[in-house]
Amino acid sequence: MSAAGYVPPEVPSRPLWLLAELTYACPLQCPYCSNPLDYTAVREELDTETWKRVLREARAMGAAQLGLSGGEPATRTDLEEIVAEARRLGYYTNLITSGLGLDAARIERLHAAGLDHIQVSFQASTEELNNHLAGTDAFRHKLEIARAVKAAGYPMVLCFVLHRDNTDSMDAILTLAAQLGADYVELATTQYYGWAWVNRDRLLPTREQLVRAEAVAHRWQADMKGRMKIYYVVPDYFEDRPKACMNGWGKVFLTVAPDGTALPCHSARELPGLSFPNVRDHSVEWIWKDSPGFNRFRGYGWMKEPCRSCDEKEKDFGGCRCQAFLLTGAPENADPVCSKSPEHGRVLSAIEQAAATPSERPLVFRNPRSVRRLHGEA
Amino acid sequence: MSGARLRIAPGYRLQWEPAQSCHVLLYPEGMVQLNPSAAAVLELCDGSLDADGIVAALEAKYPGADLAADVRQFLEVADERGWLRSA
Ligand code: SF4
Ligand code: SF4
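Residues numbered from 1 in each chain as written. Chains lettered and ligands numbered in written order. Predicted model: local features only at pLDDT ≥ 70, side-chain atom pairs only at ≥ 80, totals over all residues. Heavy atoms only, no water.

Participant: How would you summarise the nonpolar core if you had to cite specific residues and measurements?
Facilitator: Residues and elements named next belong to chain A. Leu18, Phe122, Leu158 and Leu187 are the most contacted members of the largest nonpolar core, which has 89 residues in total. The residues touching leucine 158, leaving out its near neighbours within four places in the chain, are Val120, Phe122, Ala146, Ala177, Leu180, Ala182, Tyr184, Val185 and Glu186. Membership of the second largest hydrophobic core comes to 25 residues, among which are Ala257, Cys307, Cys322 and Ala334. (Core = buried A, V, L, I, M, F, W, Y, C linked by side-chain atoms within 4.5 Å. Buried < 20%, exposed > 50% of the residue type's maximum accessible area, 1.4 Å probe, protein only. Contact = heavy atoms within 4.5 Å.)

So, in structure tokens, the structure goes:
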């Protein structure tokens, strides 16, 4: 076999999943937002026609699932047009929304355009905490939108992003979901990139919180069996094997950011020394097959020890490149969530450091003022 | 579900994928690739036939094959996974 260097992967990979981040504009200010810390510097969004071309090209390569997200995708006035084109091309279209920018009439229009699925995100189960975390008055509107989604004939799919400040309210969250008549509830764990990375010490839950939350989730899963499906995963910082990030770099997942930058995962922009192509300059086919950015961590040839000789590498692909970079300084290291990583201690000390951080410490909200402050400080 | 006419559950879509050269079942944020026999069964789940009708239609299409047991077993699995509804 090849002694060194990049070995192209054996499996033919295709971008089965296209995530179209239509915009970074968003009326909310979630402190765990995965958008880049300098999202305000991204000025020019792709226009409708360019999005349509991206949809066509990715579809021709096999993309079948389309996620429409952001920012808040509903701030795009051409959302209906983009959905209609996607559906015409044969995509299964998923709208990932905070509910802001939608009302019952617009949901009907999206439905008529062929939208397949809507997921509404909530910040918490009470108006006060939800609005605090969202940085705006959004709770009542979200309740209305959740009901309107169901009234339009869709399953009601709610997503709550969990962290230290709302993990203890798991019971209240699930009570709210059940009262609303939710069909699916995703209890998503905060992913520590972007704004969540800045707020990590304030957002990481404690082990005790997780033990309690897990018990609550399991009880509800049993009680609601057949009525409301509840997805709950333990945050990976508390595991000893990393998640199979994106099912492998450049294997099935393609993100296109609002300005047209194509990424193997939505946080990959943060990685140093890599440049990612833009759909304005290149075809999706070239980007996927030939661009250096998408080939950088394909397959296994780039791996260092302990991943290189590890018999689990086909299961997790060495974990997340962004997490490896953020925690160890080098994206080609093993994801330090892995207990085989020599730097696993960094994850453990992050948990300790967070536990020692008082809850009174203010959160950094995702808004232009914070962007200026973060970049001014540097 | 015996006797009921079957159709693909709302939110699920059966479709041919040229790039993968197979039928797939698409659903919220997910996709399963289907082998040709699974696709042949699901294509008949259009709300007009019950399980017996589906077996009969397939046996008419592939004469000589004894498909009943396999088809019923597949329909059960498909139902368990939430792919089917009674029309
Ligand atoms: S995480 Fe919050 S702030 Fe970020 S895009 Fe989503 S709703 Fe907007
Ligand atoms: S050493 Fe690397 S490949 Fe092995 S389990 Fe850990 S992260 Fe995965």
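Now that the structure has been shown, the text picks up again.
Participant: So, empty space enclosed by the protein: which residues are in play, and what are the values?
Facilitator: Residues and elements named next belong to chain A. One pass over the full model with this rule turns up two cavities of 30 Å³ or more. Its volume calculated, the largest cavity comes out at about 90 Å³. Surrounding the largest cavity, 13 residues form its lining, Cys307, Cys310, Asp316, Gly318 and Cys338 being those nearest its centre. Broken down by class, the residue content of the lining of the largest cavity amounts to six nonpolar, one polar and six charged. The computed volume of the second largest cavity comes to approximately 60 Å³. Lining the second largest cavity, in full, are Leu162, His163, Thr167, Ala188, Thr189, Thr190, Tyr192, Pro205, Leu210, Tyr232, Val233 and Pro235. Of the residues in the lining of the second largest cavity, the class split is eight nonpolar, four polar and no charged. (1 Å grid on protein atoms, 1.4 Å probe; cavity = no way out; pocket = protein on both sides within 12 Å on 5 of 7 lines; lining within 4 Å. Points joined across faces, edges and corners; volume = space filled by probe spheres on them. Nonpolar A, V, L, I, M, F, W, Y, C, P; charged D, E, K, R; others polar.)

Participant: Any details on the interface of chain A and chain B? Residues and values, ideally.
Facilitator: Contacts between the two partners involve 17 residues from chain A, matched on the other side by twelve residues from chain B. Here chain A and chain B share an interface that buries about 1,200 Å² over both sides, 50% of which is from carbon and sulfur atoms. The tally of links between chain A and chain B comes to two salt bridges. One salt bridge in this structure joins arginine 59 of chain A and glutamate 17 of chain B, with 2.8 Å as the shortest N-O distance. On the surface where chain A and chain B come into contact, there are ten residue pairs in polar contact (both at pLDDT 80 or more). Among the elements of the structure, strand E3 (92–97) and strand E4 (117–122) of chain A are those that each provide at least two residues to the side of chain A that touches chain B. Examining the composition of the side of chain A that touches chain B, we find that three residues originate from one element, E3 of chain A, more than from any other. (Buried area = accessible area lost by both parts, 1.4 Å probe. Salt bridge = Lys/Arg side-chain N within 4 Å of Asp/Glu carboxyl O. Polar contact = N/O pair within 3.5 Å; in protein donor to acceptor, adjacent residues only side chain to side chain. Helix = DSSP H or I, 4+ residues; strand = E, 2+ residues; numbered from the N terminus.)

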